[in-house]
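# What the coordinates show
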Amino acid sequence: GAEPGELADVALLAMVGDEGDELGHGVAGGWVSEGRTWMAPTAPGADRVPLVEGTTTGDLPLSAIGRGWLGPSDSRFGEAVSIGHDVTADGYAELVVTGTLDDGDAGAAWIFEGVPDAWEDADEVAVAKLLGIDGSRLGSGVASLGDTDGDGVDELAVADGLAGEDELYGRVYVWTAVTAGVSSADDADSSIVGDLSFSDESGFGTSMAPAGDVDGDGHDDVWLNAWTLHGDYVRQALRAAWLIHGPLPEGTWGVGTVCSSWVVSSWPHGGRGYELGSADLDQDGHADLALSSPGHGLKNEGAWWGPGHAYVYWGPNEGRITWGDYGVEVTGPDDGLLGTGLATGDYDGDGWPDLALGAPGGESAGVYLLGGAFLP
């Protein structure tokens, strides 16, 4: 695996923001729009999401990026981001960005189509906007789940890590198709509730990833995570990451009743699975699982701060997976919180999936892009 001093050397691209921007808090890549492939790291501390062509290499400061979206002030626009594989069923791939503090503390998700020529206002150009319920903080996670029900349209999932009877269960709202304009979480087609028998105070669904058709039944499957709350709603430790087989049930249901595989972490801080992604990184025909542990390597018990780590578990992944069975480990820079953002995709168009890792901590917050060929 890559050690801290080596990471910048092996990364194809290193983007750096100013302290407080939180560049790399989230990252999505492999978004194909207007005939080009794009990567979208997020900077929720600055309420912006820049767009960078996937073929870009070298060192790139945030101030040099000339296009992207600007969210409402103090909305944490860019809390999470995902490629939407035509979730609006209009023939175009979208990019979905969330902001957990939009409209006070309700949260929202914006859906964009097309590449902006400059910095554009998110509320003015989004083709659709999904609004949270007051006090819910919708948007703690987002993902296009793939076509789990076989209707030809990918489902969109948006998480509310604080939802539930006592605001600790967490809930994932699922839309089978998103309509243009403004709608609410109340309009979602189904929802998945976190299961406290698996995870006390679970901020459920803050990271989700399509797993492909793991069991070969013709329906796409999904990875979802949960974390433990600590202090002022800080994501601290993983309790579990679940693999759920499609098709997803209708209505509202608990995740513990349908999961088939899971990874459980024993790390006391920043546990493995804070963010997750899935792709066939070693090109052996099986989807692999990437998990991050941004708080791993804490300086002391009282400070949630460290270089952070990311891990790859080679597929196929079925049944209970031991946390130490990873095949690759990547260590972040000092105080970097590597893995706060994590995404997979073919960023450079070479036909091999890559791994993008956000490191928003320290003085040089940024994003590192690792070529898939490096990982095995």
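Above this text is the structure in question.
Residues numbered from 1 in each chain as written. Predicted model: local features only at pLDDT ≥ 70, side-chain atom pairs only at ≥ 80, totals over all residues. Heavy atoms only, no water.

### Remarks on the overall build of the chain
Note the following rule: Under the DSSP-based scheme used, a helix requires at least four consecutive residues in state H or I and a strand at least two consecutive residues in state E, with every element numbered from the N terminus. With a 1.4 Å probe rolled over the protein chains alone, any residue whose accessible area is under 20% of its type maximum counts as buried; one over 50% counts as exposed, and the rest are partly exposed. A contact between two residues is defined here by any heavy atoms of the two lying within 4.5 Å. Calculation of accessible area relied on Shrake-Rupley with a 1.4 Å probe; when residues are assessed, cover is drawn exclusively from the protein chains displayed.
The helix and strand tally for the chain stands at 2 helices and 30 strands. Every one of the 376 residues in the chain was classed for burial, and the buried ones make up 57%. By sequence separation, contacts in the chain at least 24 residues apart represent 56% of the contacts at least 6 residues apart. When the accessible surface of the chain is summed, it comes to about 13,700 Å², and 46% of that surface belongs to carbon and sulfur atoms.

### Here's the deal with the sheet that holds strand β1 (residues 13-16)
Inclusion rule: Only strands that DSSP links by at least two bridges are regarded as paired with each other. Interaxial angles span 0 to 180 degrees and are taken between N-to-C directions of axes, which are lines fitted to C-alpha atoms, for helices over the stretch in contact.
Read from one edge to the other, the open sheet built from 5 strands follows the order β6-β1-β30-β29-β28, with strand pairing classed as mixed. The open sheet has two edge strands, β6 (58-61) and β28 (341-345), and neither has a second partner. Put simply, the sheet's adjacent strands are angled 15° from each other on average, direction ignored. Where β1 and β6 come together, 4 bridges link them in parallel fashion.

### Regarding the sheet that holds strand β24 (residues 288-293)
Spatially, the 4 strands line up as an open sheet ordered β23-β24-β25-β27, and their pairing is antiparallel. What marks the edges here is a single partner per strand, and that holds for β23 (276-279) and β27 (328-331). Put simply, the sheet's adjacent strands are angled 20° from each other on average, direction ignored. Both strand β25 (residues 309-313) and β27 contribute to a ladder of 4 bridges, which runs antiparallel.

### Re the packing of aromatic side chains
The test is simple: Ring pairs shown here join Phe, Tyr and Trp side chains whose ring centres sit within 6.5 Å, with only the six-membered ring taken for Trp; geometry is labelled stacked below 30 degrees between planes, edge-to-face above 60, and tilted in between. Geometrically, a lysine NZ or arginine CZ counts as sitting over a ring once it is within 6 Å of the ring centre and also within 35 degrees of the ring normal.
All chains considered together, the criterion is met by 7 aromatic pairs. Aromatic side chains F77 and W110 sit 5.0 Å apart centroid to centroid with 80° between the ring planes, which places their arrangement in the edge-to-face category. Of this pair, F77 sits in strand β8 (residues 77-84) while W110 sits in strand β10 (residues 108-112), and the two are 33 residues apart along the sequence. Of the residues examined, F77 reaches a relative accessible area of 0% and is grouped as buried. Chaining the aromatic ring pairs together yields one cluster made of W31, W69, F77, W110 and F112. Above the ring of W119, the side-chain terminus of R48 is found at 4.7 Å from the ring centroid.

### Remarks on the side chain of E79
Put simply, the rule is: Counted as a polar contact is a pair of N or O atoms within 3.5 Å, where, for protein atoms, one must be capable of donating a hydrogen and the other of accepting one, and residues adjacent in sequence contribute only when both atoms are in side chains.
Relative to the elements of secondary structure, E79 occurs in strand β8. Assessed through its relative accessible area of 10%, E79 is described here as buried. A distance of 3.1 Å separates polar atoms of two side chains, one belonging to E79 and the other to H25. At 2.7 Å, the side chain of E79 forms a polar contact with the side chain of R76.

### Looking at a negative patch on the surface
Defined as follows: A patch consists of residues whose relative accessible area exceeds 30% and which take part in no salt bridge; residues with like charges are grouped when within 9 Å of each other, and nonpolar side chains (Val, Leu, Ile, Met, Phe, Trp, Tyr) when within 5 Å. Salt bridge criterion: a side-chain nitrogen from Lys or Arg within 4 Å of a carboxyl oxygen from Asp or Glu. When charges are counted, Lys and Arg contribute as positive and Asp and Glu as negative, whereas His and the chain ends are disregarded. A single reference atom marks each charge: NZ on Lys, CZ on Arg, CG on Asp, CD on Glu.
Residues D149, D151, D186, D187, D189 and E250 make up a contiguous surface patch of negative charge. Tracing the backbone shows E250 in the loop between β20 (234-244) and β21 (251-254). In this structure E250 comes out as exposed when scored by relative accessible area, which is 76%.

### Details of the pairing of strand β3 (residues 36-41)
With 6 bridges joining them, strand β2 (residues 27-33) and β3 adopt antiparallel strand pairing. Across the sheet, residue S33 finds its bridge partner in β3, namely R36. The antiparallel hairpin formed by β2 and β3 contains 2 residues in its connecting segment, where E34 sits at a positive phi of about 55°. Note that β3 and strand β5 (residues 52-53) share 2 bridges and pair antiparallel. Bridged to M39 within β5 is V52.

### Brief notes about the nonpolar core
Note the cut-off: What is meant by a nonpolar core is a set of buried Ala, Val, Leu, Ile, Met, Phe, Trp, Tyr and Cys residues, joined one to another through side-chain atoms within 4.5 Å.
Within the largest apolar cluster, 17 residues are counted, with the highest numbers of intra-cluster contacts made by W31, L51, W69, F77, L95 and F112. At the level of secondary structure, the elements contributing two or more residues to this core comprise β2, β3, β8, β9 (94-99) and β10. Once residues lying within four places of it in the same chain are set aside, the contact partners of F112 are W31, W69, F77, A93, E94, L95, V97, A122, V125 and A126.

### Looking at unusual backbone geometry
Residues G246 and P247 are joined by a peptide bond in cis, for which omega reads 0°. Relative to the assigned elements, P247 resides in the loop between β20 and β21. Between G315 and P316 the backbone carries a cis peptide bond, its omega angle lying at 5°. With respect to the element layout, P316 can be found in the loop between β25 and β26 (320-322). The phi dihedral of D74 is positive, around 60°, even though this residue is not glycine. You can see D74 is positioned in the loop between β7 (68-70) and β8. Here D74 falls in the exposed class, since its relative accessible area comes to 61%. Residue L337 is not a glycine yet carries a positive backbone phi of 55°. Inspection of the secondary structure assignment puts L337 in the loop between β27 and β28.

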